Every structure is written in structure tokens, then in C-alpha cells.
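Residue strings, one per chain:
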Amino acid sequence: MKDDLILETISVTKNFFGDKSTGVNNITIFVPKGKITAIVGESGSGKTTLLNLLYGTIQPDHGEVFFKEEQVLSRDHGIQHAHQVMRMVTQNGIDMNPDSTVWETIRDGLPPEDLSHEIKRVTEALNMLNIYPLKDYPFGKLSGGEKQRVTIAKALISRPQVLLLDEPFNQVDAFYREALQHDIRQIVREWKTTVVLVSHDPAEILSMADELIVIKEGEIVENGSPDVLYHSPNLLYTSQILASGSKITSYQAKICGIKSRRGIVVIYAENIRIVSFGKKWFVKMVLFKGFYEELIIEREGVTLRVMNYKRGKYKTGSQVSIKITKYFEFGKWEN
Ligand SMILES: Nc1ncnc2c1ncn2[C@@H]1O[C@H](COP(=O)(O)OP(=O)(O)OP(=O)(O)O)[C@@H](O)[C@H]1O
């Protein structure tokens, strides 16, 4: 394995009950050291299965998983070095004792040799995750978002080399979510931790990840940097996972002034500008999105989503003209 990589899967397959449509098939991935790699894909595409294979919670039917040069066997097959230096955070912290306090829960994540530094390390973890005031609360009485922060603190306190995160922030409210995403990025940079992240949230994926792995029906279909995959996706699937856009046929594209022979056209909401002249589109809906609005506009049976920063300017039922600054074309049979 190359020095800049830490985890690797070679042609890994894991199906459940012999059914090839479940789990993952023939997956080869390389996880760079000290970076955040996000696994993205629609529900049921195999993201959690892949994370469990990396962590050794399940064993592949075929293929191999490596941590550095060491093969990651199932956790049932005894302690291995990889198991001690990797931590996984699942969605609900289900394996926690509800009666333990937050302090005790996080302390239990400390390796025995570090217990003499309990006060310093637990306090540091509590502060890092913004949960110091909750230190004496029983874990079971916390909200979903608080539980997620405690679970992350418990995983981080052992300073793992690899942190595997499965939808780690889905119950954290918007304000703390951004702060937490920022904190995780800081930790990765400072401690040179490697993170593998599974998330459904495009904003989270794009702002946090250094590398993306796109998985569909148990297979890797595309990978690269968030910037490249967002701005030039090879697949319709990738564009739909990463961006809010409108998918229309080539025939409908003509109504938007686009000539396309490939079959499907995708236009991201931010690539449509409202201008003063041109064909009129009917504003069907105005969706409040905080610092911007999303307009749903329609003409001749074509519906488009438009990002609009001039809040309050356009009302439902009014008419607007548009200019499309960029679009993507995909083959008809791609999905
Ligand atoms: N233990 C299991 N037994 C049977 N089938 C399973 C098992 N675990 C996963 N699968 C199936 O394998 C496929 C991939 O599941 P997986 O949980 O890895 O997907 P996912 O991308 O993480 O989905 P989601 O985003 O909804 O969590 C699904 O069809 C799922 O039903």
C-alpha cells in the first residue's frame, strides 16, 4: 500500500443471504491518510455495508480489506491493531448504557493507559463537542442531537487514526451541525485523523469531504474531488445526489433554448439567472430558504428550480424571464 493511503479494499463483495442485489459487489477503494473521504449514494446503495467492512464488523464474502499493510478481519476473529486504532460512530449511539452519565460514557472511550489523564482528556472532549454542561446527565435522557455529540466525543477521546462516521450529524440541529462539521475538520487537520463519512446531506458532503466515492446498487460508479464531481459529473446519478437541480428531457430543453441530442438535461438551480427580457415563465411557488429563495417556475409543461437571492421580489403567480448559464447533458438510458 502507498504511504499516503491508510485503508484499502480489493475487489470486496458482501451479499446478504446470497442475494447479489444486497450489500456491495467487487468494490475497490483507496482511502487517503489524514483526509475526509465521503461515501455517497442513494438509500440502500451499500454505504453502511462498506463502512462495516472497513471497520471489520462484517467479513467480506470475497476480496480483502487492508488497514495499512494489515488485513482487517472480522472483529469476531480476535483483537487486531486496526480494531484498536479505528472508531465508528453509528446513527443513534444504540450501544451506549442509558444510565451512565455523559462523563462516564466519554471516559469509557479512553484506552486504559490514558485513564490517568481522565480529567484533562474528558474535559477537552466535552468542550470540543460543546457539551460540558451536560456532563452529569444520564446518556438515556439526552436528545438525539446531544447523543450524537456524546458518541462522537467518545470516539474522538481515544485519538483514533481512523474515524468512521455513519450519518453522524443527522439529528443535530442546523446551528450546531455547521459548528460540529467545522470542529471535525479542525480535528482532522490538527490530529491528522482519517475520516470516512457516510451522509445524505449534499451541503455536508461538499463542505466537509476532500474525496468522494459515489456508490450505486452496491458498486462504485464515480469518484473524485467534490469540486470536480459537482461541476462536471460524469453521471446523472452523481449530479442528482450532489445538487439541487431540474432534470428535463431534450425535447423539454428546447423550450429553455437548449439544443441537446443526448436525452437528458440537468440544470442546477444556481445556474439560472433572472433577467429583464425574454420568454416569460410563470412563478408557481416561492420557497423560503433563509438567506435565499427557491422559485419553482413553469412554461409549456417544463418546470425549473431557480435560486434567487433578491428575497421578496418575485411572488407566486408573477412572471419572470430567465437566462441559463450552464447545464449538463446525459444519455437517455443513464440513471
Ligand atoms: N443485514 C442485512 N441483511 C439483509 N440485507 C441487508 C443487510 N444489510 C444491508 N442489507 C441490504 O443491502 C443493501 C445495502 O444496504 P446498506 O445499509 O449498506 O445501504 P445504505 O446505502 O447504507 O442505505 P441507507 O442510506 O438507507 O442507510 C440494501 O438493499 C439492504 O437492504
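Keep in mind it's a predicted model, so treat the numbers as computed, not measured. (Residues numbered from 1 in each chain as written. Predicted model: local features only at pLDDT ≥ 70, side-chain atom pairs only at ≥ 80, totals over all residues.)

1. Considerations on the site of the ligand
Contacts to the ligand come from Phe16, Thr22, Gly23, Gly41, Ser43, Gly44, Ser45, Gly46, Lys47, Thr48 and Thr49. Contributing elements (two or more residues each) for the shell around the ligand: β2 (19-32) and α1 (47-55). Of all the elements, α1 adds the most residues to the shell around the ligand, at three residues. Looking at the shell around the ligand, its residues break down into one nonpolar, nine polar and one charged. (Near = placed C-beta within 6 Å. Helix = DSSP H or I, 4+ residues; strand = E, 2+ residues; numbered from the N terminus. Nonpolar A, V, L, I, M, F, W, Y, C, P; charged D, E, K, R; others polar.)

2. Quick look at the domain arrangement of the protein chain
Per the domain assignment, the segments of the protein chain are domain 1 (5-238) and domain 2 (244-331). One C-alpha centre belongs to domain 1, the other to domain 2; they are set 37 Å apart. (Domains from an automatic or database assignment.)

3. Details of the sheet that holds strand β5 (residues 70-71)
With respect to topology, four strands assemble into an open sheet ordered β2-β1-β4-β5, the strand pairing being antiparallel. A strand with exactly one partner marks an edge of an open sheet, and here the two such strands are β2 and β5. Here strand β4 (residues 62-67) pairs with β5 via two bridges, running antiparallel. The residue bridging phenylalanine 66 from the neighbouring strand is glutamine 71, located in β5. (Pairing = 2+ DSSP bridges.)

4. Considering helix α5 (residues 144-156)
Spanning 13 residues, α5 covers 18 Å between terminal C-alpha atoms, matching the ideal 18 Å at 1.5 Å per step. In terms of burial, α5 is largely enclosed, as 11 of its 13 residues are buried. Those residues of α5 not exposed but buried are Glu146, Lys147, Gln148, Arg149, Val150, Thr151, Ile152, Ala153, Lys154, Ala155 and Leu156. Tucked inside the fold, the buried residues of α5 contact β6 (86-89), α3 (102-107), α4 (118-128), β7 (162-166) and α6 (174-191). (Expected span 1.5 Å × (residues − 1). Buried ≥ 20, exposed ≤ 12 C-beta atoms within 10 Å, placed from the backbone. Contact = placed C-beta atoms within 7 Å.)

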